[in-house]
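Below are the chains, spelled out letter by letter.
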Amino acid sequence: MAFIIIGDSFTFPEGNAATNRVYTYSKGLIKHGITIHVICFRSDYLIEQSGEIEGIKYYHPFAQTERNSHFIVRRWLNLQKYNNTIKLLRIISREDKIHQITVYTTRLTTHLFAWSLSRIFKAKLIRECSEHPLSQYQKNAIT
């Protein structure tokens, strides 16, 4: 049985409070014998695209190390992460049945994508986004 955690509110293995929460969930599930795959859906430019830490497998389907100077190429690469994620989940589902997909996001597009993945792979969808509601805003609420 495999559980998938997908979201754009964190960057695994290092990041913010959301990353720490995903890490804690993953460690708890591993203790119960469940295979965890964390898919970081942010469009971050990272050197390491996938790996494993303490039994937690993580992936960055954006798969870019540096920013392209052309706008259209950047949009194309951003769309490719959806395709890369579907390919990745197909590989995971061949190894082990995907039982649950947990989506950790505040964006509607990522949530809808995770919902469609849950339908394609016949998995339960759990929405998790317990970050502080004003964490995305740097200015005060009045201005």
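Residues numbered from 1 in each chain as written. Predicted model: local features only at pLDDT ≥ 70, side-chain atom pairs only at ≥ 80, totals over all residues. Heavy atoms only, no water.

A.B. asks: Whenever I open this one, helix α1 (residues 17-31) confuses me. Can you help?
C.D. replies: Think of an α-helix as 3.6 residues a turn; residues three or four steps apart then line up on the same face. In this model, α1 (15 residues) spans 21 Å end to end at C-alpha, consistent with the 21 Å of a helix rising 1.5 Å per residue. If you check which residues of α1 are buried, you get A18, T19, V22, Y23 and S26. All buried residues of α1 lie within an arc of 140 degrees about the axis, which places them on one face of the element. Buried-residue contacts for α1 involve β1 (2-7), β2 (35-40), β3 (50-53), β4 (56-59) and β5 (98-104). (Helix = DSSP H or I, 4+ residues; strand = E, 2+ residues; numbered from the N terminus. Expected span 1.5 Å × (residues − 1). Buried < 20%, exposed > 50% of the residue type's maximum accessible area, 1.4 Å probe, protein only. Arc of directions from axis to C-beta. Contact = heavy atoms within 4.5 Å.)

A.B. asks: I tried to follow unusual backbone geometry on my own but got confused; where do I start?
C.D. replies: For residues other than glycine, phi is negative in most cases, and the peptide bonds are mostly trans. Residue P13 follows F12 across a cis peptide bond; omega there is 5 degrees. Inspection of the secondary structure assignment puts P13 in the loop between β1 and α1. Of note in the backbone geometry, E54 takes a positive phi value of approximately 50 degrees without being a glycine. Checked against the element boundaries, E54 lands in the loop between β3 and β4. Its relative accessible area of 54% is what places E54 among the exposed residues. Despite not being glycine, A63 has its phi angle at roughly 55 degrees, a positive value. Mapping A63 onto the fold places it in the loop between β4 and α2 (71-95).

A.B. asks: Would you explain the pairing of β1 in this entry?
C.D. replies: One face of the sheet, then the other: side chains in a regular strand alternate in exactly this way. When you tally the buried positions in β1, you get six out of six residues, the bulk of the element. In β1, alternate side chains face the same way, and those of A2, I4 and I6 on one face and F3, I5 and G7 on the other are all buried. Direction of pairing for β1 relative to β2: parallel, over a ladder of six bridges. Pairing of A2 across the sheet is with T35, part of β2. The parallel pair β1 and β2, bridged by α1, forms a crossover whose chirality is right-handed. Relative to β5, β1 runs parallel, the two being bridged by six bridges. (Pairing = 2+ DSSP bridges. Right-handed = clockwise from strand over helix to strand, strands pointing away.)

A.B. asks: Looking at this model, I keep getting lost on the packing of aromatic side chains. Mind explaining?
C.D. replies: For any pair of aromatic rings, geometry is given as the distance between the ring centres together with the angle between the planes. For the structure shown, the criterion picks out seven aromatic pairs. The interplanar angle of 90 degrees and the centroid separation of 6.1 Å between the aromatic rings of F10 and Y104 together place this pair among those described as edge-to-face. With F10 in the loop between β1 and α1 and Y104 in strand β5, this pair connects stretches of sequence that are 94 residues apart. You'll find F10 and Y104 in the same group, each marked buried. A centroid spacing of 4.8 Å and a plane angle of 90 degrees characterise the contact between Y82 and F113, whose relative ring orientation is edge-to-face. Of the two residues, Y82 sits in helix α2 while F113 sits in helix α3 (residues 108-120), which places them 31 residues apart along the sequence. (Phe/Tyr/Trp six-rings, centres within 6.5 Å; stacked < 30°, edge-to-face > 60°.)

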